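# Analysis of the macromolecular model
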Protein chains: 2
Amino acid sequence: MTAATDTYLLLRAFCEELARCGVTDACTSPGSRSTPLVLSLARTPGLRAWSHVDERVAGFFALGLAKRTGRPVAVACTSGTAAAELVPAVIEAAQARVPLIVLTADRPPELRDVGAGQTIDQLKLYGGAAKWFVEVGTHEATPARVRWLRALACRTVWTALDGRPGPVHLNWPLREPLVLDGPLPDEDPCPGRADGRPWVAHPVVPAPDPLPHVPLAPAPRTVVVAGRDERDPALGEAVAAFAAAARYPLLADPLSGARRGPAAVAHYDALLRDERLAAELRPELVLRIGDLPTSKPLRAWLAGLGEAEQVTLDAEGAWHDPDGVVSARIAASPRATLAALMPEHRDGGDPAWLERWRGADRAAAGAIAATLGDELSEPRVAAELVDALPAEATLFTAASMPIRDLETFAAARDGAPRVLSNRGANGIDGTVAAALGATAAGDGPVVLHVGDVALAYDLTALLSARRLGLELTIVLVNNDGGGIFHFLPVAREGADFEQHVATPHGLDFAQAAALFGARHALVADAGALRAELGRALGSGGVTILEVRTDRGANVALHRRVWDAVRAALADA
Amino acid sequence: MTAATDTYLLLRAFCEELARCGVTDACTSPGSRSTPLVLSLARTPGLRAWSHVDERVAGFFALGLAKRTGRPVAVACTSGTAAAELVPAVIEAAQARVPLIVLTADRPPELRDVGAGQTIDQLKLYGGAAKWFVEVGTHEATPARVRWLRALACRTVWTALDGRPGPVHLNWPLREPLVLDGPLPDEDPCPGRADGRPWVAHPVVPAPDPLPHVPLAPAPRTVVVAGRDERDPALGEAVAAFAAAARYPLLADPLSGARRGPAAVAHYDALLRDERLAAELRPELVLRIGDLPTSKPLRAWLAGLGEAEQVTLDAEGAWHDPDGVVSARIAASPRATLAALMPEHRDGGDPAWLERWRGADRAAAGAIAATLGDELSEPRVAAELVDALPAEATLFTAASMPIRDLETFAAARDGAPRVLSNRGANGIDGTVAAALGATAAGDGPVVLHVGDVALAYDLTALLSARRLGLELTIVLVNNDGGGIFHFLPVAREGADFEQHVATPHGLDFAQAAALFGARHALVADAGALRAELGRALGSGGVTILEVRTDRGANVALHRRVWDAVRAALADA
């Protein structure tokens, strides 16, 4: 038996177990050392292998796919800086709690740090961002070792999923020869279990036992704050139902899935900029679910609530409290916690107080609509997308200005599209690749809402879209630079600001679309946006719908909106 | 005094000391947290600040600039995955011994791991790839602390340069406000030293004292093997002069700078594929200088030399010995070592044996020229570039197929262009950005010799070329995929090979050039290549000169060349 046969027998069993554990997708990139990994993944029944030229794209594509499906996605790469290219996606996965299985090819120990080509120190390359690291070693394909590989695959999948989901890193030293010189024997030294079961099963964890009494008394002035939790699409609905039943105003950012129902207050970002209202609506109790929302006024308001009880509900007890105001943490499934709280909290809120919030929200909505008018501004794009897209669509939103506009301007509504974003570490790197990964999951169209800098940053991810025949609709807000920075004091810094912070680039996105075989349309009004969305969704290819805006005018418009909301609140 | 004033006073002193220590260039990327770093760098007299949208591009640009100049280049980025985007360039810098100063902005400790935006664990993010890591902390701009910052800047520069050069990482927690609300006071709490001296000077180290006798007896059949050493442009000449005076055949790859002079044997890669010749020309002593060359036949030959003494000459005693055949290491300046060896080794080689090598090399050159003919094949492009470019040009060569073709086909000649390549970790990531960094150094034109996959991978680096108004001439060998993999057994693997390893992409590089404001020309023969090179060099912009080739035909041509060389050797 040659070494290559050993390698491929071991990897065949490993990949088969990945599939048996429910992994459906893997990403690859070109390389030599990774050949056994890549060919084994590509040849595993039940696994789709997505090929990318750039490992950074592969990493974020895997992230987007896993984020949308909740299933771990494998990403294999060759040795050297290829493995380092995955670092940003691995960190984002760790912070956003997305399961990834990173399989890096390496040279065996005797060829490390001795001048052999394309060899770096890959041991624990991802540091604390990896939940688990395994140096796999090289082995003969004895029954015992194939059994170990089967168990290792299962343990990898379950570790990526268990508790706080995240990335797992397996480093594979691979010796030459890297390809077989004949067919791989059909017989397996240690065949998988009968009926296609995984070697080590992981029974579906039953719904948690009803929690015992949670010692958290209702308070009439309670507010529910819900932030990013992309894992459990049903959690948002449960949060909205709880808030409605308890009559607690619900401040839910679009990534919570809870921005819906009669208790939802959509425009809290604008409302809480009004100091009088913010003071008037101080709660006694805050229930915080999921990550903290992005809104600065909301964060500042929460930070200044003084003696109010602030309680976090998080399955893994994540410590989201930059201002040190949380007074209790309930580290259990938020759904189970809400169910346990329900009997005591039902109708616990002060209806007049809730109505004060909702009335203010209606006033804000009116002021926003009047101020935005008919123009297809950046805020309007955000509002239109949430309004126009069907429930089965996924709106992938870039982590900088688009997610903020969505939070500020999108209405609360049932049947809104699911919203996803790379808000673990909030980078703009890999946005296009992550959206492509989400679209590869199938199950409804994906629309990417992105600014020009994030699109320019990750432009070559569109090469993967063309090579893999993926559909993606990109709604591009193009103000030729980083518009978000205009909201900050640094915008006063003149030429240095423009060159080093705003970074205008002058890219012609019609040309960019043509380069990658995408359709491009300039969109000037909301009607055209809806018509073009209708054309793009289901078209099977990439469409870039470009909305041209101006950075300075955009800041001014936002400020006019905030002023109009303040004025409307004063009138009310 | 506000915190912002403290921050900017400290950073002004820090950046001023960088410049006093000889740092001339810094790279920036957009961000908010990094504002004090970026503005301070941009406003330091004597520092040029190069703005990039993508931190990966910024990192490799800094690497290319530092590689060409030997001076440390600063690269500043904002917090979060921005810092992770620098990992590949930092690893390449560590392995290629290139001095870098990485300045990452971070949130202060109280805002880490508590749900504050864009915050990851940046402490020791680059692991063992960073020579030195400092968590800078936050400080009042007292005289003592400004003094410390001045010393820290000096220590950073000297640490990046001392001994084995490499990257240094300073992590900067920065508190809001991040901009000044008025002008920065002119007076400095701790002014720099008079006459523009650095706070801590680092006197130019005198040439090392003559080494004592190096106990290495000459042997008539000695061969000198010289690989990548891009740091000391004069070392190559010294190696060539030593080999000539000693009458030792010199096998020097283009990255050694030593491929010149009467002892040089250019076509060792083709010669050593001939088993008879390889056996006949076994040496008694091998002097290995710099990294091990890329050539597989050369590496295999060295690995099989049995009892021959193999001695490495490396300033930092780098352990380049994948086959465990080195018998002694001289960890001292190779130039000083060669000078110490010279008296005893002068005329130490067997002239007949040297002539046997040189005759074989001439026979190989003839066979290569006859086989390549007039067609502008991939090998011919490599040979033409070394032949056509002037001595003041720099040839930046991609780490995969181009560097191998250069090693195999370029003639040895005096006055050849300097050749640089990312051959620390041999990644193809960042190739365009690194070449752009090299061109930003000024001092002669830069030509990038690159394949289509490496160019597609790093295509958006061309955005920096346009934004910064840089000149770069790109000679693109386009065979629509990773041609290098066709030389490996994996090429037999059919559709899986094509999709996951060769990764054809169909990019139209004329369109790509237009997107980034570059000139593009298809080049079909050697005369046109020379004419277009003449037009491109000094044009002030980016030119893509595209040579279309075929992956299969390219492998066949290489095999015909090797056969022709074998036949020529048999005839001789």
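Residues numbered from 1 in each chain as written. Chains lettered and ligands numbered in written order. Predicted model: local features only at pLDDT ≥ 70, side-chain atom pairs only at ≥ 80, totals over all residues. Heavy atoms only, no water.

### Overview of the relation of the copies chain B and chain A
Quick note on the threshold: We place the copies in one frame by least squares, fitting the C-alpha atoms of every residue whose pLDDT is at least 70 in both.
Once chain B has been moved 0.0 Å along the axis and rotated by 180 degrees, it coincides with chain A to within an RMSD of 0.0 Å. Given the turn and translation reported, the copies of this chain are related as if by a two-fold rotation axis.

### A look at the pattern of salt bridges
Close approach of charged atoms lets side chains of opposite charge pair. All names here are of chain A. Inclusion rule: Only one rule defines a salt bridge in this text: a Lys or Arg side-chain nitrogen within 4 Å of an Asp or Glu carboxyl oxygen. Helix and strand assignments follow DSSP, with helices taken as H or I runs no shorter than four residues and strands as E runs no shorter than two, numbered in order from the N terminus. Relative accessibility under 20% of the residue-type maximum defines a buried residue, over 50% an exposed one, and the middle range a partly exposed one, all with a 1.4 Å probe and only protein chains included.
Taken as a whole, this structure holds 70 salt bridges over all chains when the rule is applied. Across the pair glutamate 16 and arginine 20 runs a salt bridge, and its minimum N-O distance is 3.2 Å. Placement of both glutamate 16 and arginine 20 in helix H1 (residues 3-20) is noted, with a separation of four residues, approximately one turn of the helix. The exposure class of glutamate 16 is partly exposed, given its relative accessible area of 25%. For glutamate 498, the salt bridge is made with arginine 551, and the minimal N-O distance between the two is 3.0 Å. In this pair, glutamate 498 sits in helix H18 (residues 494-502) while arginine 551 sits in helix H21 (residues 551-571), placing the two residues 53 residues apart along the sequence. Salt bridges sharing partners connect three or more residues here, namely Lys67, Arg97, Arg228, Glu230, Arg231, Asp291, Asp314 and Glu316.

### Quick look at helix H15 (residues 431-440) of chain A
Residues and elements named next belong to chain A. Burial analysis of H15 places 10 of its 10 residues in the buried class, the great majority of the element. Along H15, the residues that are buried comprise Thr431, Val432, Ala433, Ala434, Ala435, Leu436, Gly437, Ala438, Thr439 and Ala440. Of the residues one or two after H15, glycine 442 is the one with positive phi, at around 70 degrees.

### Details of the interface of chain B and chain A
As a reminder, the rule being used: What makes two residues a contact is simply this: any of their non-hydrogen atoms within 4.5 Å. Accessible-area loss on putting two parts together, using a 1.4 Å probe and summing over both, is the definition of buried area adopted here.
Taken together, the 79 residues of chain B in the interface contact 79 residues of chain A. In total, chain B and chain A occlude about 6300 Å² of area from one another, counting both sides; carbon and sulfur atoms represent 56% of this. The largest per-residue losses of area from chain B upon contact with chain A belong to Tyr457, His500 and Leu515 of chain B, which jointly make up 11% of the total buried on that side. Summed over the shared surface of chain B and chain A, the number is eight salt bridges.

### Examining the nonpolar core
For clarity, the cut-off: Nonpolar core, defined: a set of buried Ala, Val, Leu, Ile, Met, Phe, Trp, Tyr and Cys residues in which side-chain atoms within 4.5 Å join the residues together.
In terms of nonpolar packing, the biggest core is built from 144 residues, with Phe61, Tyr126 and Ile474 of chain A together with Phe61, Tyr126 and Ile474 of chain B touching the most fellow members. Other than its neighbours up to four places away in sequence, phenylalanine 61 of chain A contacts Cys27, Trp50, His52, Ala433, Ala434, Leu436, Gly437, Ala440, Leu468 and Leu470 of chain A. By size, the runner-up hydrophobic cluster in this structure holds 46 residues, among which are Leu277, Phe487, Leu557 and Val565 of chain B.

### Comments concerning the sheet that holds strand S2 (residues 48-51) of chain B
Residue and element names in this part refer to chain B. Definition in use: Strands qualify as paired when DSSP identifies two bridges or more between them. Axis definition: a line fitted to C-alpha atoms, over the contacting stretch in the case of helices. Angles run 0 to 180 degrees between N-to-C directions.
Strands sit in the order S2-S1-S3-S4-S6-S5 across an open sheet of six strands; the sheet is parallel. Unpaired on one side and paired on the other, S2 and strand S5 (132-135) mark the two borders of the sheet. Taken pair by pair, the neighbouring strands of this sheet meet at an average axis angle of 20 degrees, ignoring direction. The sheet contacts of helix H1 (residues 3-20) involve strand S3 (73-77), strand S4 (100-106) and strand S6 (167-173), and relative to S6 the element is tilted by about 165 degrees.

### Comments concerning the domain arrangement of chain A
Residues and elements named next belong to chain A. Heads up, the rule is: The domain limits used here are those given by an automatic or database domain assignment.
When its domains are assigned, chain A resolves into domain 1 (3-173), domain 2 (222-351) and domain 3 (373-571). In this structure, domain 1 and domain 3 have C-alpha centres spaced 32 Å apart. Taken together, the contacts link 19 residues of domain 1 with 33 residues of domain 3. Together, the buried faces of domain 1 and domain 3 total about 2000 Å²; carbon and sulfur atoms form 56% of this surface. Its largest share of buried area at the contact with domain 3, domain 1 owes to Phe60, Lys67 and Arg68, together 34% of the area lost on that side.

### Some remarks on empty space enclosed by the protein
Unoccupied space between atoms shows up once a probe the size of one water molecule is rolled over them. All names here are of chain B. Using the following cut-off: Any residue with an atom within 4 Å of a point lines the site, the site being either a cavity, points on a 1 Å grid over the protein atoms alone where a 1.4 Å probe fits but cannot get out, or a pocket, an open set with protein on both sides within 12 Å along at least 5 of 7 lines. Grid points are joined across faces, edges and corners, and a volume is the space filled by probe spheres set on the points.
Within this structure, the stated rule accounts for eight cavities of 30 Å³ or more. Taken as a whole, the largest cavity holds about 170 Å³ of empty space. The residue makeup of the lining of the largest cavity includes at least three contributed by each of domain 1 (3-173) and domain 2 (222-351).

### As for the sheet that holds strand S14 (residues 446-451) of chain A
Residues and elements named next belong to chain A. With parallel pairing, the six strands of this open sheet are ordered in space as S13-S12-S14-S15-S17-S16. Strand pairing shows two members of the sheet lacking a second neighbour, strand S13 (418-420) and strand S16 (519-522), which therefore form its edges. Averaged over all pairs of adjacent strands, the angle between strand axes in this sheet comes to 20 degrees, irrespective of strand direction. In the sheet, S16 pairs with strand S17 (residues 542-548) via four bridges, with the strands oriented parallel. In the sheet register, histidine 520 faces S17, and the bridge partner there is isoleucine 544.

### Concerning unusual backbone geometry
All names here are of chain A. Omega for the peptide link from glutamate 176 to proline 177 comes to 0 degrees, which places this bond in the cis form. Among the structural elements, proline 177 can be located in the loop between strand S6 (167-173) and strand S7 (222-226). For aspartate 480, which is not glycine, the phi torsion reads 50 degrees and is therefore positive. Take aspartate 480: it is sitting in the loop between strand S15 (472-478) and H18. A relative accessible area of 27% means that aspartate 480 is categorised as partly exposed.

### Some thoughts on the packing of aromatic side chains
Operational definition: Aromatic rings from Phe, Tyr and Trp, with only the six-membered ring used for Trp, were paired whenever their centres fell within 6.5 Å, and each pair was classed as stacked if the ring planes differed by under 30 degrees, edge-to-face if by over 60, and tilted otherwise. In this analysis the charged atom, NZ for Lys or CZ for Arg, is taken to sit over a ring once it is within 6 Å of the ring centre and within 35 degrees of the ring normal.
In the structure shown here, the tally under the stated rule is 12 aromatic pairs over all chains. Between phenylalanine 14 of chain B and tryptophan 172 of chain B the ring centres are 4.9 Å apart and the planes differ by 80 degrees, which places this aromatic pair in the edge-to-face class. With phenylalanine 14 of chain B in helix H1 and tryptophan 172 of chain B in strand S6, this residue pair connects regions lying 158 residues apart in the sequence. With respect to burial, phenylalanine 14 of chain B and tryptophan 172 of chain B carry one shared label: buried. Three or more aromatic residues joined by ring pairs make a cluster, and in this case those are Trp301, Trp353 and Trp357 of chain A. Sitting over the ring of tryptophan 562 of chain A, arginine 273 of chain A keeps its end group 3.5 Å from the ring centre. The ring of tryptophan 199 of chain B carries arginine 193 of chain B above its face, with NZ or CZ at 4.0 Å from the centroid.

### Brief notes about the state of the cysteines
Residue and element names in this part refer to chain B. Put simply, the rule reads: We call a pair of cysteine sulfur atoms a disulfide whenever their separation is within 2.5 Å.
This structure, assessed with the given rule, holds zero disulfides over all chains. Among the cysteines around cysteine 27, which has no disulfide bond, cysteine 77 carries the closest sulfur, lying 11 Å off. Residue cysteine 27 is classed as buried on the basis of its relative accessible area of 0%.

### Topic: the side chain of aspartate 269 of chain A
Residue and element names in this part refer to chain A. Defined as follows: Any pair of N or O atoms that falls within 3.5 Å is considered a polar contact. Within protein, one atom must be able to donate a hydrogen and the other to accept it, and sequence-neighbouring residues count only if both atoms are side-chain atoms.
The residue aspartate 269 is located in helix H8 (residues 268-271) in this model. Polar contacts involving the side chain of aspartate 269 include one to the side chain of serine 295, which spans 2.7 Å. When sequence neighbours within four positions are dropped, the list of residues in contact with aspartate 269 reads Ser295, Lys296, Pro297, Thr408 and Trp562.

### Focus on the confidence of the model for chain A
The condition that has to hold: A score between 0 and 100, pLDDT records how confident the predictor is in each residue.
Looking at chain A as a whole, the pLDDT averages 96, with 99% of positions reaching at least 70. Interface confidence for the predicted complex, expressed as ipTM, amounts to 0.97; the pTM equals 0.98.

### Structural notes on the packing of helix H13 (residues 378-388) of chain A against helix H14 (residues 401-409) of chain A
Residues and elements named next belong to chain A. We apply this condition: Each angle gets one of four labels, with under 35 degrees taken as roughly parallel, over 145 as roughly antiparallel, 65 to 115 as roughly perpendicular, and the rest as oblique. Gly is put with the polar residues, along with every residue not named as nonpolar or charged; the nonpolar set is Ala, Val, Leu, Ile, Met, Phe, Trp, Tyr, Cys and Pro, and the charged set is Asp, Glu, Lys and Arg.
It is at 8 Å that the axes of H13 and H14 come closest, and there the two elements cross at 70 degrees. Compared by their axis directions, H13 and H14 come out roughly perpendicular. For the pair formed by H13 and H14, the contact residues are Glu378, Pro379, Ala382, Ala383 and Val386 on the first element and Met401, Asp405, Leu406 and Phe409 on the second. Grouping the constituent residues of the contact of H13 with H14 by class yields seven nonpolar, no polar and two charged.

### Brief notes about the packing of H14 of chain A against H21 of chain A
How two helices pack is summed up by the angle between their axes together with the distance between the axes. All names here are of chain A. Defined as follows: Note on convention: the crossing is left-handed when the near helix lies turned anticlockwise from the far helix by less than a right angle, right-handed when the turn is clockwise.
Contact geometry of H14 with H21 gives a least axis separation of 13 Å together with a crossing angle of 20 degrees. Here H14 lies roughly parallel to H21, going by the angle between them. The two elements H14 and H21 cross, and the hand of that crossing is left-handed. Residue-level contacts link Met401, Asp405, Thr408 and Phe409 of H14 to Asn554, His558, Val561 and Trp562 of H21.

### Looking at the environment of leucine 389 of chain A
All names here are of chain A. Tracing the backbone through its elements, the reader meets leucine 389 in the loop between H13 and strand S12 (394-397). Residues leucine 389 and histidine 500 lie 111 residues apart in sequence; the distance between their C-alpha atoms is 36 Å. Dropping the residues within four chain positions of it, leucine 389 is found in contact with Glu384, Leu395, Arg413, Gly415, Pro417, Val447, Leu533 and Leu537.

### Observations concerning the environment of glycine 127 of chain A
All names here are of chain A. Relative to the elements of secondary structure, glycine 127 occurs in the loop between strand S4 (100-106) and strand S5 (132-135). The class for glycine 127 is partly exposed, based on a relative accessible area of 42%. Between the C-alpha atoms of glycine 127 and valine 87, which are 40 residues apart in sequence, the distance is 9.5 Å.

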